[in-house]
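# Notes for the structure review
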Amino acid sequence: MENGTSTTTRKWNFKENEKLVSVSEHTVRSVLNKLSSCIDPDDTRPVIPLGHGDPSGFSCFRTTPIAEDAISDAVRSAKFNGYSSTVGILPARSAVAEYLSQDLPYKLSPDDIYLTSGCGQAIEVLLNALARPNANILLPTPGFPYYEVWAGFTQIEMRHFNLLPEKEWEVDLNEVESLANENTVAMVIINPGNPCGNVYTEQHLKKVAEMARKLGILVISDEVYAHLTFGSKPFVPMGIFGSVAPVVTLGSISKRWIVPGWRLGWLVTNDPNGILKEHGVIDSILGYLNITCDPATFIQGAIPQILRKTKDVFFSKIVNMLREDADIVYDRIKDIPCITCPSKPEGSMFVMVKLHLNLLKDIEDDLDFCFKLAKEESLMILPGVAVGLKNWLRITFACEPSCLEDGFQRLNAFYQRHAKKQ
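Here goes a summary of the coordinates provided.

What counts and how
Residues numbered from 1 in each chain as written. Predicted model: local features only at pLDDT ≥ 70, side-chain atom pairs only at ≥ 80, totals over all residues. Heavy atoms only, no water. Helix = DSSP H or I, 4+ residues; strand = E, 2+ residues; numbered from the N terminus. Rg over C-alpha atoms; globule rule 2.2 N^0.38 Å. Buried < 20%, exposed > 50% of the residue type's maximum accessible area, 1.4 Å probe, protein only. Contact = heavy atoms within 4.5 Å. Pairing = 2+ DSSP bridges. Axes fitted to C-alpha atoms, helices over the stretch in contact; angles between N-to-C directions. Left-handed = near helix turned anticlockwise from the far one by under 90°. Parallel < 35°, antiparallel > 145°, perpendicular 65-115°, else oblique. Core = buried A, V, L, I, M, F, W, Y, C linked by side-chain atoms within 4.5 Å. 1 Å grid on protein atoms, 1.4 Å probe; cavity = no way out; pocket = protein on both sides within 12 Å on 5 of 7 lines; lining within 4 Å. Points joined across faces, edges and corners; volume = space filled by probe spheres on them. Nonpolar A, V, L, I, M, F, W, Y, C, P; charged D, E, K, R; others polar. Polar contact = N/O pair within 3.5 Å; in protein donor to acceptor, adjacent residues only side chain to side chain.

## Some points on the overall build of the protein
- A tally of regular secondary structure across the protein gives 14 helices and 13 strands.
- Taking 2.2 N^0.38 as the reference for a compact globule, 422 residues should give roughly 22 Å; the C-alpha atoms of the protein span a radius of gyration of 22 Å, in line with that estimate.
- Overall, the protein is about 75 × 65 × 50 Å in size when its C-alpha atoms are taken along their principal axes.
- Within the protein, buried positions represent 55% of all 422 residues.
- A separation threshold of at least 6 residues defines the contact pool for the protein, and within that pool the share at least 24 residues apart is 74%.

## Here we look at the pairing of strand β13 (residues 392-396)
- For β13, the buried fraction is high: 5 of the 5 residues fall into the buried class.
- Here β13 shows a buried face lined by W392, R394 and T396 and a second buried face lined by L393 and I395.
- Bridging between strand β11 (residues 350-355) and β13 involves 5 bridges; their strand directions are antiparallel. Bridged to F350 within β13 is T396.
- Across 2 bridges, the pairing between strand β12 (residues 379-383) and β13 is antiparallel. Counted as the bridge partner of P383 is L393 from β13.

## What to know about the packing of helix α3 (residues 65-77) against helix α11 (residues 297-309)
- Relative orientation of the contacting elements α3 and α11 amounts to 140°, with a least axis distance of 8 Å. The element α3 and its partner α11 pack so that their crossing is right-handed. For the pair formed by α3 and α11, the contact residues are I66, A67, D69, A70, I71, D73, A74 and V75 on the first element and F298, I299, G301, A302, Q305, I306 and K309 on the second.

## Looking at the packing of helix α12 (residues 312-333) against helix α14 (residues 401-418)
- For the pair α12 and α14, interaxial distance at closest approach is 10 Å and the crossing angle is 15°. Classified by the interaxial angle, the pair formed by α12 and α14 is roughly parallel. Viewed along their axes, α12 and α14 form a crossing whose handedness is right-handed. Every residue of α14 that contacts α12 at M321, E324, D325, I328, V329, R332 and I333 is listed here: P401, L404, E405 and F408.

## What about the nonpolar core?
- Grouped together as the largest cluster of nonpolar side chains are 148 residues, with contacts concentrated most on V171, M187, I220, L250, W257, W266 and F369.
- When residues in this core are grouped by element, the largest group, 10 residues, is from α12.

## Re empty space enclosed by the protein
- Counted according to the given criterion, the structure contains 3 cavities of 30 Å³ or more.
- Roughly 210 Å³ of internal volume is contained in the largest cavity.
- Lining the largest cavity are 21 residues, and of these L100, E223, A226, F235 and T249 lie nearest its centre.
- Taken together, the elements giving at least two residues each to the lining of the largest cavity come down to α4 (90-101), β8 (247-252) and β9 (265-270).
- When grouped by side-chain class, the residues that make up the lining of the largest cavity number 12 nonpolar, 6 polar and 3 charged.
- Size it by volume and the second largest cavity reaches roughly 70 Å³.
- If you trace the second largest cavity, you find 13 residues lining it, with P142, L163, I190, N194 and Y200 closest to the centre.
- A per-element tally of the lining of the second largest cavity places strand β6 (residues 184-190) first, with 3 residues.

## Some remarks on the side chain of N191
- Counting through the fold element by element, N191 comes out in the loop between β6 and α8 (202-215).
- N191 gets classed as buried once you look at its relative accessible area, which sits at 0%.
- Of the polar contacts made by the side chain of N191, one reaches the backbone oxygen of V236; its length is 3.4 Å.
- Beyond its immediate stretch of four places on either side in the chain, N191 contacts N198, V199, Y200, L205, D222, E223, F235 and V236.

## Brief notes about unusual backbone geometry
- The omega angle of the peptide bond from T141 to P142 is 0°, so this bond is cis rather than trans.
- One non-glycine residue, A78, lies in the positive phi region at around 60°.

## With respect to the environment of A413
- Within the secondary structure, A413 sits in helix α14.
- Between the C-alpha atoms of A413 and L228, which are 185 residues apart in sequence, the distance is 31 Å.

## Overview of the layout of surface pockets
- Of the pockets and cavities examined, the largest pocket occupies roughly 770 Å³.
- Of the residues in the lining of the largest pocket, the class split is 10 nonpolar, 10 polar and 7 charged.
- Roughly 480 Å³ of internal volume is contained in the second largest pocket.
- Taken together, 23 residues make up the lining of the second largest pocket; nearest its centre are V185, G216, L218, H279 and V281.
- For the lining of the second largest pocket, the elements supplying multiple residues, two or more each, are α5 (118-130), β6, α8, α9 (275-278) and α10 (281-289).
- Broken down by element, the residue count for the lining of the second largest pocket peaks at 3 residues, all from α8.
- In the lining of the second largest pocket, the residues fall into 14 nonpolar, 6 polar and 3 charged.

## Overview of the sheet that holds β12
- Strand order in the open sheet formed by 5 strands is β1-β12-β13-β11-β10, and the pairing between neighbours is mixed. For this open sheet the edge positions go to β1 (48-50) and β10 (339-340), each flanked by a neighbour on one side alone.
- In this sheet, β12 lies alongside β1 in parallel orientation, the contact comprising 3 bridges. The partner of L50 across the bridge, within β12, is I381.
- The strands touched by helix α13 (residues 366-377) are β11, β12 and β13; relative to β12, the strand with the most contacts, the crossing angle is about 170°.
- Sheet strands in contact with α14 are β1, β10, β12 and β13, and its direction is about 90° off that of β1.

As structure tokens, this is what we get:
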């Protein structure tokens, strides 16, 4: 007896949510947390984080003072201390509509914009809005696992189509057509690509829209890395084809402004024909927003100033930094025989490389490779299985060039230590 309570074992009626525990194991965060636990605490070298898309800790990737001042101004104004409307405050939605319309052949309305706590919540909102009995969704392999998490949690059947590495990770549209049926509600594309670092051409996006129209499905276009392109292809928003098939664009300020912790994203309906409203999707989006949380109001209050006043010189600096890093990573990959890269990254912050286990001893698969790499070299790289492609690796290259060089020296040392004797 302690504090008047019996220590006798009894049955309690609560237990874990098995589905939640199961689906959360597949997130990038979950895998990176496990990798972090492998770091040797006795290794005095700094940990090199080439596993996640957050370069905000590096001074060369600091956000613009215009964004910082906008946050300060919003807080000090005392105008944004209250609750927001569930769709977001009107000045912020108007600014996002204006910003995105610059790249479109038509003008978005504030009513087309729904503000969310980062792009992650936009995914959550949309997949919950689309969920219904027997529904299925077409997802890319490799892809961003948050889509699998929410599809699994909402019980939407997942059907995966391949991205083709030999064609710069284009969508296999023949496979898309073969996977779809009368219960297919949407297909997902990510452009610029996470995890592949690819950028789709306007011609390819048009084919995607035409396929979606043929199948009677909407296109979910994840454009969180919009405008972060540094190769031969410019960024083209999927929304330019909104009159061909309904497009829902997901985006945020997280990556272009290097502020993922600010958690401000958007869900945008590019649907000049009004198909989404006619079929009740808009009502479902609004319904879900009514029962979930909003992005912080003062962040919303800062958005007009951030979007309208950020100078091109800031964007150019970030893109040039990514271009330099992409050049380094592509060249250093060639020095390590156990990994190969099918195409040079042209956008986002990532590159996918194939892992050749036949050149390694005592390495079972990509997970084993990454866990041992973290333990032996304090270097974190994401195993490909976390993004749907076993025995590949996703390498983040958005960091200080000196840090990237150090990381590849450690990766090469790890390879030399585990290489099979020829």
